[in-house]
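Chain by chain, the residues run as shown.
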Amino acid sequence: MTEPTERRLLTPEEYRAAQNSPEFAELRRKFRSFAVPMTVAFLVWYLLYVLLSTYAQDFMSTRVFGNVNVGLLLGLAQFVTTFLITQLYVRHAGKSTDPIADEMRNRLEAHEFAAPSSGEEAPRG
């Protein structure tokens, strides 16, 4: 990574070129292929919990052991689910999106997305 004092500011054109690159499209696709289904699944799970709490009070108040009921266990499962999704995302990002993002950042820092000046050959990537 380039030291901050040695960096040249990126131009809007360089950012647009990076955004329009096939690598960025792949990065966006891989991120969305994880984030959208996981978000929908968690929201459905959360909505189910709220609906059960509202409309299935007898079920939610069913004692499992001692003073612990189904509602309490499902509520605690919401927290467990949050941590599980976080762990899954970290693993997904490490394997799928971070390598692409790191490569794109390196290319941006090297100004490989810059439009070639007249007489220069376009950078290959």
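For every chain, the first residue of the written sequence is number 1, and numbering continues from 1 onward in sequence order. The predicted nature of this model means local features are confined to residues of pLDDT at least 70 and side-chain atom pairs, given and counted, to a pLDDT of 80 or more, with totals for whole chains, interfaces and linings taken over all residues. Water and hydrogen atoms play no part in the side-chain values, which are based on all heavy atoms of the structure.

Chemist: I would appreciate a short explanation of the overall build of the protein in the present structure.
Modeler: In DSSP terms, a helix is any run of H or I states spanning at least four residues, a strand is any run of E spanning at least two, and both are numbered starting from the N terminus. A count of helices and strands for the protein gives four helices and two strands. Accessible area is worked out with a 1.4 Å probe on protein chains only. A residue is then buried under 20% of its type maximum, exposed over 50%, and partly exposed in between. Looking at the 125 residues of the protein, the share that counts as buried comes to 19%. For the protein, long-range pairs separated by at least 24 residues make up 62% of all intrachain contacts whose partners lie at least 6 apart in sequence. Note that accessible areas follow from Shrake-Rupley with a 1.4 Å probe, and for residues the cover is restricted to the protein chains shown. Working note: accessible area of the protein is about 9300 Å², and carbon and sulfur atoms make up 62% of it. Between two residues, a contact is recorded if the distance between any of their heavy atoms is within 4.5 Å.

Chemist: Explanation requested: the packing of aromatic side chains in the structure shown.
Modeler: Each aromatic ring pair is described using two quantities: the centre-to-centre distance and the angle formed by the ring planes. Stacked, edge-to-face and tilted labels apply to pairs of Phe, Tyr and Trp rings (six-membered ring for Trp) whose centres lie within 6.5 Å, assigned for plane angles under 30 degrees, over 60, and everything in between, in that order. Applying the stated criterion across every chain yields a total of two aromatic pairs. With a centroid separation of 6.3 Å and an interplanar angle of 90 degrees, the aromatic rings of F31 and Y89 are classed as edge-to-face. Taken together, the residues F31 in helix α2 (residues 22–55) and Y89 in helix α4 (residues 70–109) connect sequence positions 58 residues apart. The exposure class assigned to Y89 is partly exposed, which follows from its relative accessible area of 31%. Plain terms: the ring middles of F34 and Y89 are 5.6 Å apart, the flat faces sit at 50 degrees to each other, and that makes the pair tilted. With F34 in helix α2 and Y89 in helix α4, the pair connects residues that are 55 residues apart, well separated along the chain. By the ring-pair criterion, three or more aromatic residues cluster together here, those being F31, F34 and Y89. Lysine NZ or arginine CZ positioned within 6 Å of the ring centre and within 35 degrees of the ring normal marks a charge as sitting over the ring. The cationic tip of R107 hangs over the ring face of F113; the distance from NZ or CZ to the ring centre is 4.2 Å.

Chemist: Could you clarify how one ought to interpret the nonpolar core in this entry?
Modeler: Nonpolar side chains tend toward joint burial in soluble globular proteins. Counting six residues, the largest nonpolar core is built from A18, L27, I100, M104, L108 and F113. For this core, the leading source of residues is α4, giving three residues. Nonpolar cores were defined as sets of buried Ala, Val, Leu, Ile, Met, Phe, Trp, Tyr and Cys residues, with membership established by side-chain atoms within 4.5 Å.

Chemist: Which parts of the structure should I look at to understand the packing of α2 against α4?
Modeler: A pair of packed helices can be characterised by two numbers: the angle between their axes and the separation between those axes. At a minimum axis separation of 10 Å, α2 and α4 run at an interaxial angle of 175 degrees. If you check the angle between α2 and α4, you find them roughly antiparallel. Broken down by class, the residue content of the contact of α2 with α4 amounts to 18 nonpolar, eight polar and four charged. Inter-axis angles, ranging from 0 to 180 degrees, are taken between N-to-C directions of lines fitted to C-alpha atoms, where helices are fitted over the stretch in contact. Here roughly perpendicular refers to angles of 65 to 115 degrees, roughly parallel to angles under 35, roughly antiparallel to angles over 145, and oblique to all remaining angles. Any residue that is not Ala, Val, Leu, Ile, Met, Phe, Trp, Tyr, Cys, Pro, Asp, Glu, Lys or Arg is counted as polar, Gly included; the first ten are nonpolar and the last four charged.

Chemist: I keep staring at the side chain of T97 and nothing clicks. Help me out?
Modeler: As for its placement among the helices and strands, T97 is situated in helix α4. Since its relative accessible area comes to 5%, T97 is described here as buried. In contact with T97, other than residues within four places in its own chain, are L27, K30, F31 and H92.

Chemist: Honestly, the environment of M60 in this entry has me stumped. Any pointers?
Modeler: Tracing the backbone shows M60 in helix α3 (residues 57–60). With twelve residues separating them in the primary sequence, M60 and L72 have C-alpha atoms 7.9 Å apart. If we ignore the near neighbours within four places in the chain, the residues touching M60 are Y49, L52, S53, N69, V70, G71 and L74.

Chemist: Just to check I follow, could you spell out a nonpolar patch on the surface for this structure?
Modeler: A cluster of nonpolar residues, V64, F65, L72, L73, L76, F79 and F83, forms a patch on the protein surface that exposes about 730 Å² of accessible area. Counting only elements with at least two residues in the nonpolar patch, the list comes to β1 (63–65) and α4. Looking at which element gives the most residues to the nonpolar patch, the answer is α4, with five residues. Structurally, L76 can be placed in helix α4. Since its relative accessible area comes to 46%, L76 is described here as partly exposed. Grouping into patches uses exposed residues only, defined as over 30% relative accessible area, and leaves out salt-bridged ones; the cut-off is 9 Å for like charges and 5 Å for nonpolar side chains (Val, Leu, Ile, Met, Phe, Trp, Tyr). A pairing counts as a salt bridge when a side-chain nitrogen of Lys or Arg comes within 4 Å of a carboxyl oxygen of Asp or Glu.

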